[in-house]
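Structural description and commentary
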Amino acid sequence: MLIRGRTLSFLRKPESLDDHAAYAYESDGALLIAEGLILASGAYETVKAQAPEGIAEIDHRPHLILPGFIDTHLHFPQMQVIGSYAANLLEWLNTYTFPEECRFVESAHAQRIATHFFDEMIRHGTTTAVAYCSVHKSSVDAFFAEALRRDMRMIAGKVMMDRNAPQGLLDTPEMGYDETRAVIEEWHGKGRNHVAITPRFAITSTPEQMRATQTLIQEFPDLHVQTHLSENRDEIDFTCSLYPEAQDYTDVYARYGMLGPKTLLGHCIHLSEREMDVMSDTGSVAVHCPTSNLFLGSGLFPLKKLGRRAKPVRVSVATDIGGGSSYSMLRTLDEAYKIQQLQGERLNPFESYHLMTRGNAEALSLADRIGTLEPGTDADFVVLDMAATPAMALKAEVVNSLADELFLLQTMGDDRAITETYVAGKAVKTGL
Ligand SMILES: [Zn+2]
């Protein structure tokens, strides 16, 4: 199949608004796709010449085609936690989130929410997400079964937590280890599924569970590891009181061998310079969750500062549903922009769209599969309409550059601006 439209794909991180060499843009572009892969991309006439005669063609002009969005941190069992009225992280967890996650012991509930979860991902143009399931293996089974059914590239893990939560949400170091191993055996590499080793955070894991986590990481060094770090001052103080031997919060994870290039650490708002150095030295990724940070009043993430240090820290962006308040990566980057504004920093639209696509793919070490429109990669992409609503259409009348178009989509756009989502070469949003 031949997909025609205006195409945009990043080659590397843009250094400025004028860094045109950082991306490939075709005002009349095309993708040649077959068997779930992009076979060729570029100018329409060039790609058309490589296609077999009489090939089916879908014309999305004047809309813009981008790689599918990637969300590097969210919680699948928190779809019904979104918009819960709480003062801060720990109150929000104890009052709303933990009780809701207890319901995922029931497979029927987990399966119902999994259906909604994947519908929302597709509706919002997110083709890959990195998810926390609940502590229950049933939640992970429901998640990966649905991912397999939809042929989506997903990363997820069974949450391990053995203290400081209701009884219905606790495993033990042994159970967390055994069930994670079972999940890896059943789901890792099946379809496009990736399993992540997922201790929730240091507060809810005993040192024994952290040691079991370390063992898993040693046994499965290729797997992603995800947890939370330095989101909120009370959380940091509580963590340090539980691990008095550690120098700081980051050192808790370092002591259990949890840091490295496949490790995704949600939030990282209040890191010291020492902690940033450790993140940089280990190649760990700081995952920025703007709507969540604002909603829970957690703080302002130093995105630009982390990138320009002598020892830069790798970063990615994410929704953090349900602490986050939108499934949309467009809404997410709009809030990321404002968080930088409040710190006197600029986040230009090319940087934003790089982050949502190739940047996040690189943070996941998956840029050879997703995040670009390059030949040989998965045919996961989205079609964007900058005139999706009457208010957007009015503003679009005065937009006359690609940067302005991207910025309009980010500032005013949401799921309504996603006219189509393609997963493994198939249009899946229409007909949801
Ligand atoms: Zn989170």
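For the structure, check the block above.
Computed from a predicted model, the values in this text were never measured in an experiment.

Brief notes about the coordination of the zinc ion
- With distances of 2.1 to 2.5 Å, the protein atoms coordinating the zinc ion are His-73 (NE2), His-75 (NE2), His-228 (NE2) and Asp-320 (OD).
- In this structure, the zinc ion is surrounded by four donor atoms whose angles at the metal cover 87 to 168°, and the resulting shape is irregular.
- Between consecutive donor residues of the zinc ion, the sequence gaps follow H-x1-H-x152-H-x91-D. Pair noted here: His-73 is in strand S5 (residues 69–75) and His-228 is in strand S10 (residues 224–229), with a separation of 155 residues, a long-range link.
- On the basis of relative accessible area, His-73 is assigned to the buried category, the value being 2%.
- For His-228, a relative accessible area of 6% translates into the label buried.

Considering helix H12 (residues 329–341)
- Between its terminal C-alpha atoms H12 stretches 18 Å, which fits the 18 Å expected from 13 residues at 1.5 Å a residue.
- Burial of H12 is extensive: eleven of the 13 residues sit out of reach of the surface.
- Taken as a whole, H12 has its buried residues at Met-329, Leu-330, Arg-331, Thr-332, Leu-333, Asp-334, Glu-335, Ala-336, Tyr-337, Ile-339 and Gln-340.
- Of the residues that open H12, the one with a side-chain oxygen 3.1 Å from the backbone nitrogen of Leu-330 is Ser-328.

Structural notes on the pairing of strand S6 (residues 126–132)
- The buried count for S6 comes to seven of seven residues, which makes it a mostly enclosed element.
- Here S6 runs beside strand S7 (residues 154–157); their pairing, made up of three bridges, is parallel. Counterpart to Ala-131 in the pairing with S7 is Ala-156.
- Since S6 and S7 lie parallel, the crossover through helix H4 (residues 137–150) that links them has a hand, and here it is right-handed.

Re unusual backbone geometry
- The amide bond that connects Arg-61 to the next residue, Pro-62, takes the cis arrangement and shows omega of 10°.
- Summarising the element assignment, Pro-62 is placed in strand S4 (residues 57–67).
- Despite not being glycine, Glu-35 shows a phi value in the positive range, around 50°.
- Counting through the fold element by element, Glu-35 comes out in the loop between strand S2 (23–34) and strand S3 (37–43).
- On the basis of relative accessible area, Glu-35 is assigned to the exposed category, the value being 83%.

Some thoughts on the packing of aromatic side chains
- Applying the stated criterion across every chain, the model contains 14 aromatic pairs.
- When the centroid spacing of 5.8 Å and the interplanar angle of 80° are considered together, the rings of Phe-76 and Phe-117 count as edge-to-face. Pair noted here: Phe-76 is in the loop between S5 and helix H2 (89–102) and Phe-117 is in helix H3 (residues 107–123), with a separation of 41 residues, a long-range link.
- Judged by relative accessible area, Phe-76 falls into the buried class, the value being 0%.

Rules of the game
Residues numbered from 1 in each chain as written. Predicted model: local features only at pLDDT ≥ 70, side-chain atom pairs only at ≥ 80, totals over all residues. Heavy atoms only, no water. Donors = N, O, S within 2.8 Å, 3.2 Å for Na, K, Ca; no water. Tetrahedral: all angles 85-135°; square planar, octahedral: opposite > 155°, others 65-115°. Helix = DSSP H or I, 4+ residues; strand = E, 2+ residues; numbered from the N terminus. Buried < 20%, exposed > 50% of the residue type's maximum accessible area, 1.4 Å probe, protein only. Expected span 1.5 Å × (residues − 1). Polar contact = N/O pair within 3.5 Å; in protein donor to acceptor, adjacent residues only side chain to side chain. Pairing = 2+ DSSP bridges. Right-handed = clockwise from strand over helix to strand, strands pointing away. Phe/Tyr/Trp six-rings, centres within 6.5 Å; stacked < 30°, edge-to-face > 60°.

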